Amino acid sequence: MSIIGRFQISRDRNVTVANLVDELLRRNGDCEVSIEDGRPRRLAELHSEVCSLDAFLRRTIALRPGRLVAIYRTNDPLCFRWFLAIIRAGGIAVPLNPLLSLAEVRRILADSGTDILVTDKTVFERSIGQRSALPIRTWIQADEETETMDGFERAGETAAPLPPAAIDAAGIVAVFHTSGTSGFPKGAALSSRALLGARASSVLVGPLLGRKDLALIALPWSHIMAVSIALYGLMAGIRGCFLDHFDVARALELVERFRVTAFVGVPAMFARLVNSDPDPARLATIRVWLSASDHLPLGVRLRLRQFGALARLPGGWRVPPVLLNCYGMVELGGLAMLGIETSLFPGSGDRCFPVPPFRIRVADENGRRLPAGVTGECQIRRRGLAPHYWKDEAHGQALLTPDGWLRTGDLAQRNRFGMIRLVGRMKDVIKSGGYSVYVRELEETMLAHPAVARAAAFGLPHNEKGEIPVGAVELRGGSRASEAELLDWCRHALAAYKAPRRIWILDAGSLPQNHSGKLLRRALQERFSGETA
């Protein structure tokens, strides 16, 4: 799509997530949108598949407007098709990470009132086991298996497509689950306006990426940034290819085979990539590195920019590739700020700017705007911003300041040009491989073990994941438990990325605390920082 076309669709408020694919096909005609299973996929094909799933939902399942449909299946592009189809049918899509445990999924479904589930045989047999395990009324099987599991519906060939549901741009169309201050998953309820809130990014990246580019995306489809990047990529006409899970060898194979020009991932993936010491020739086609979800360490940034080139000049000279840092929150609907690191502006990778229509300020605890160079909370605002959690609107409203700015919980500084530099986090959260792991949830899980009397969870530095979750416990008098037993207990109750990697068993009264009884996790971090091997 041309820059003018991107600008026009970014300004058209009649475009929603429900009618986005229809509008793109009407405006631009058919074009290549992705490479999947080793072959090109076109926009008309995507449109046909989404329309078919939409018709199945409305005609066979009798999906009513505003009804929630969860997607809990293998992480592949079919998840995104179901996401688009559910919203096109007027429903509310609820993407779930396939790494979540059965207990976590059961709680989310019960709390949200979701009773329609899209899954596949692999995830069902691995994580669910039997239909009575979850409070689901309608089971939908979405895979390539020849046999349909007992009690499941399956989408098939349908009649003529239905028109997209006419939805309110401010109405809820998706619920992405994150963890709130309680540490348990909360569903951030997002409107179409929120999901397309940073559509101007499709214009901003125009000078860097276009229809000739191919982006490798290695993010889970339950992650808000994966969906944001996919939506904006469609709007920008940038083709995509996808990894169901990150693997260095597989990523290098795809880059080399299909001449990938943009690589999208999280810092932990990039750390693993550069630490593998890849042959630069295998990454020679990369023009843009795009990092999302967490801070990308300087050392990794510098090494990434040694691979690939934005342009190659006569005489063997190369212009290093551009590195894009994406900042967002699920409560914002994804992307809100963008950092662009280029050779023209040394140190630019530490700074980012708001993507229109978002505005940014750095404020103190009373909401007063701070001068340049002073550290405060990064707060974000845009017209119509009304974050809330599904069935918990009050908690979402508590995220807003009295004058309507969203509290991000991140510490930042502003320079005299208005660029933002993030310097830390206010919340007690472990950022591990792009995921947020909340200490309260880990501690509650450890405390649920009958032998545990007290527990503390905290993060320790890791050279690839940024941080890893670990814990320390005191046992009940007369009780016995080994570290291996406690680790196994947590692995069965939590998603793999949340489960602690080590749990130290301490003598009674050894967990440090202050005079008011609050645990001093920093003291534990200092004590165990060299014992993670």
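Everything here concerns the structure above.
Residues numbered from 1 in each chain as written. Predicted model: local features only at pLDDT ≥ 70, side-chain atom pairs only at ≥ 80, totals over all residues. Heavy atoms only, no water.

Engineer: When you look at the packing of helix α4 (residues 78-88) against helix α9 (residues 224-236) in this model, what are you seeing that I'm missing?
Structural biologist: The geometry of a pair of packed helices is captured by two quantities: the angle between their axes and the separation between those axes. Contact geometry of α4 with α9 gives a least axis separation of 12 Å together with a crossing angle of 75°. In this view, α4 runs roughly perpendicular relative to α9, as classed from their interaxial angle. Here α4 contributes F80, F83 and L84 to the contact with α9, which in turn contributes V227, A230, L231 and L234. Residue composition of the contact of α4 with α9, by class: 7 nonpolar, no polar and no charged. (Axes fitted to C-alpha atoms, helices over the stretch in contact; angles between N-to-C directions. Helix = DSSP H or I, 4+ residues; strand = E, 2+ residues; numbered from the N terminus. Parallel < 35°, antiparallel > 145°, perpendicular 65-115°, else oblique. Contact = heavy atoms within 4.5 Å. Nonpolar A, V, L, I, M, F, W, Y, C, P; charged D, E, K, R; others polar.)

Engineer: Any chance you could explain the pattern of salt bridges here in plain terms?
Structural biologist: Two side chains bearing opposite charge may form a pair once their charged atoms approach each other closely. One pass over the full model with this rule turns up 34 salt bridges. Where D115 meets R137, a salt bridge forms, and the shortest distance between an N and an O atom there is 3.5 Å. One end of the pair, D115, is in the loop between α5 (102-112) and β5 (116-119); the other, R137, is in the loop between α6 (121-128) and β6 (138-141), and 22 residues separate them in sequence. For R368, the salt bridge is made with D364, and the minimal N-O distance between the two is 3.2 Å. A residue is classified by how much of its surface remains accessible, and D364, at 14% relative accessible area, is buried. What you see here is one network of salt bridges that share partners, running through E36, R39, R41, E45, E49 and R81. (Salt bridge = Lys/Arg side-chain N within 4 Å of Asp/Glu carboxyl O. Buried < 20%, exposed > 50% of the residue type's maximum accessible area, 1.4 Å probe, protein only.)

Engineer: Is there a simple way to think about the nonpolar core in this case?
Structural biologist: Counting 122 residues, the largest nonpolar core has L57, F83, L195, F263 and W289 as the members making the most contacts within it. Counting 41 residues, the second largest nonpolar core, distinct from the first, contains L134, I136, A481 and C490. (Core = buried A, V, L, I, M, F, W, Y, C linked by side-chain atoms within 4.5 Å.)

Engineer: Help me understand the layout of surface pockets in this model?
Structural biologist: Empty space among the atoms becomes visible once a probe the size of a water molecule is rolled across them. Empty space within the second largest pocket amounts to approximately 1100 Å³. Every element with two or more residues in the lining of the second largest pocket is listed here: β1 (32-36), α3 (43-60), α4, α6, β11 (239-242) and α10 (248-258). Take the lining of the second largest pocket: its biggest share by element is 5 residues, from α3. Residues of the lining of the second largest pocket, tallied by class, amount to 16 nonpolar, 9 polar and 17 charged. (1 Å grid on protein atoms, 1.4 Å probe; cavity = no way out; pocket = protein on both sides within 12 Å on 5 of 7 lines; lining within 4 Å. Points joined across faces, edges and corners; volume = space filled by probe spheres on them.)

Engineer: Looking at this structure, I do not really get the sheet that holds strand β17 (residues 334-341). What am I missing?
Structural biologist: Sheet architecture is open: 9 strands sit in the order β2-β1-β11-β10-β12-β13-β16-β17-β18, paired in mixed fashion. Each edge of the open sheet carries a strand with a single partner, namely β2 (39-42) and β18 (353-354). Relative to β18, β17 runs antiparallel, the two sharing 2 bridges. By the bridge assignment for β18, M337 is matched with P354. On the sheet, α3 packs against β1 and β2 and is oriented at approximately 65° with respect to β2. Each of β1, β10 (214-217), β11 and β12 (262-265) touches α10; the most contacted strand, β10, lies at about 170° to it. (Pairing = 2+ DSSP bridges.)

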